[in-house]
Amino acid sequence: MDIKTINEKVSVSPQISPNDLPALKEAGFTTIINNRPDGEAPEQPDGAVIEEEAKKLGLNYIAIPMGREGVSPDMIEATRNAMASDGKVFAYCRSGTRSTTLWALSQAGEMPADEIIKSAAQAGYDVSHLAQYLGE
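Analysis parameters
- Residues numbered from 1 in each chain as written.
- Predicted model: local features only at pLDDT ≥ 70, side-chain atom pairs only at ≥ 80, totals over all residues.
- Heavy atoms only, no water.
- Pairing = 2+ DSSP bridges.
- Helix = DSSP H or I, 4+ residues; strand = E, 2+ residues; numbered from the N terminus.
- Right-handed = clockwise from strand over helix to strand, strands pointing away.
- Polar contact = N/O pair within 3.5 Å; in protein donor to acceptor, adjacent residues only side chain to side chain.
- Contact = heavy atoms within 4.5 Å.
- Buried < 20%, exposed > 50% of the residue type's maximum accessible area, 1.4 Å probe, protein only.
- Axes fitted to C-alpha atoms, helices over the stretch in contact; angles between N-to-C directions.
- Parallel < 35°, antiparallel > 145°, perpendicular 65-115°, else oblique.
- Nonpolar A, V, L, I, M, F, W, Y, C, P; charged D, E, K, R; others polar.
- Core = buried A, V, L, I, M, F, W, Y, C linked by side-chain atoms within 4.5 Å.
- Phe/Tyr/Trp six-rings, centres within 6.5 Å; stacked < 30°, edge-to-face > 60°.
- Lys NZ or Arg CZ within 6 Å of the ring centre and 35° of its normal.

A separate point is the pairing of strand E4 (residues 60–63). Relative to E4, strand E3 (residues 29–34) runs parallel, the two sharing 4 bridges. Each residue of the ladder has a partner; that of Asn 34, found in E4, is Ala 63. Between the parallel pair E3 and E4, the chain is carried across by helix H2 (residues 47–56), and the sense of this crossover is right-handed.

Pasting the structure below:
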């Protein structure tokens, strides 16, 4: 796994497998967010498989798939609600970019835009193109 830390509560990564979940639990994550629609790639495990394993381990699992149609207000609200959960949150997609984008948009109005952009950049993701939506 290539885990990128956005802040003390939130981390993102590219696609994970069910076998990665015990390590995520051991690392202190309590909520797993899947931002990848099923069927994007042949080798990608179905979200239901990851959800089943997450639940066996006592982890919260939330699917907020972001496909070609892009971001919706419902996705941003669902992400905001997931980020409000107790404990550390881990989100994944194909590369981590969609997860970071949804996190950034969910934090608009909660954090200053420059802090959102800086936190994402420290994790290796450029969300500066979202500045107008983040409050700048």
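Our focus in this paragraph is the sheet that holds strand E2 (residues 10–13). Strand order in the open sheet formed by 5 strands is E1-E2-E5-E3-E4, with mixed pairing between adjacent strands. The two strands at the open ends of the sheet, each matched to only one other strand, are strand E1 (4–5) and E4. Pairing geometry for E3 and strand E5 (residues 88–92), over 5 bridges, is parallel. Its bridge partner being in E5, Phe 29 is matched across the sheet by Lys 88.

With that settled, consider the side chain of Arg 98. Structurally, Arg 98 can be placed in helix H4 (residues 97–106). A distance of 2.8 Å separates a polar side-chain atom of Arg 98 from the backbone oxygen of Met 66. Setting aside chain neighbours within four positions, we find Arg 98 in contact with Asn 35, Arg 36, Pro 37, Glu 40, Met 66, Gly 67 and Cys 93.

Position of Ala 78 among the secondary structure elements: in helix H3 (residues 73–83). Ala 78 sits in the partly exposed class, given a relative accessible area of 28%. Spatially, the C-alpha atom of Ala 78 lies 9.4 Å from that of Leu 102, the residues being 24 residues apart in sequence.

Let's shift gears to the packing of H3 against H4. The geometry of H3 relative to H4 is characterised by a closest axis approach of 8 Å and an angle of 85° between their N-to-C directions. Taken together, the axes of H3 and H4 lie roughly perpendicular to each other. Here H3 contributes Met 75, Ile 76, Thr 79, Arg 80 and Met 83 to the contact with H4, which in turn contributes Leu 102, Trp 103, Leu 105 and Ser 106. Here the residues of the contact of H3 with H4 sort into 6 nonpolar, 2 polar and 1 charged.

This part is about the nonpolar core. By size, the foremost hydrophobic cluster in this structure holds 27 residues, and its most contacted members are Ile 33, Trp 103, Ala 104 and Leu 134. Those elements giving two or more residues to this core turn out to be E2, H3, E5, H4, helix H5 (113–122) and helix H6 (131–134). Beyond its immediate sequence surroundings of up to four residues, Leu 134 is in contact with Ala 104, Leu 105, Ala 108, Ala 113, Ile 116, Ile 117 and Val 127. Residues Ile 32, Ile 50, Leu 59 and Tyr 92 belong to the second largest nonpolar core, which totals 12 residues.

This part is about the packing of aromatic side chains. All told, the structure shown has 1 aromatic pair when counted by the stated rule. The interplanar angle of 65° and the centroid separation of 5.4 Å between the aromatic rings of Phe 29 and Phe 90 together place this pair among those described as edge-to-face. On the criterion of sequence distance, the pair formed by Phe 29 in strand E3 and Phe 90 in strand E5 is long-range, its members being 61 residues apart. For the pair shown, Phe 29 and Phe 90 are each scored as buried. The aromatic ring of Phe 29 is capped on one face by Lys 88, whose charged end is 4.5 Å from the ring centroid.

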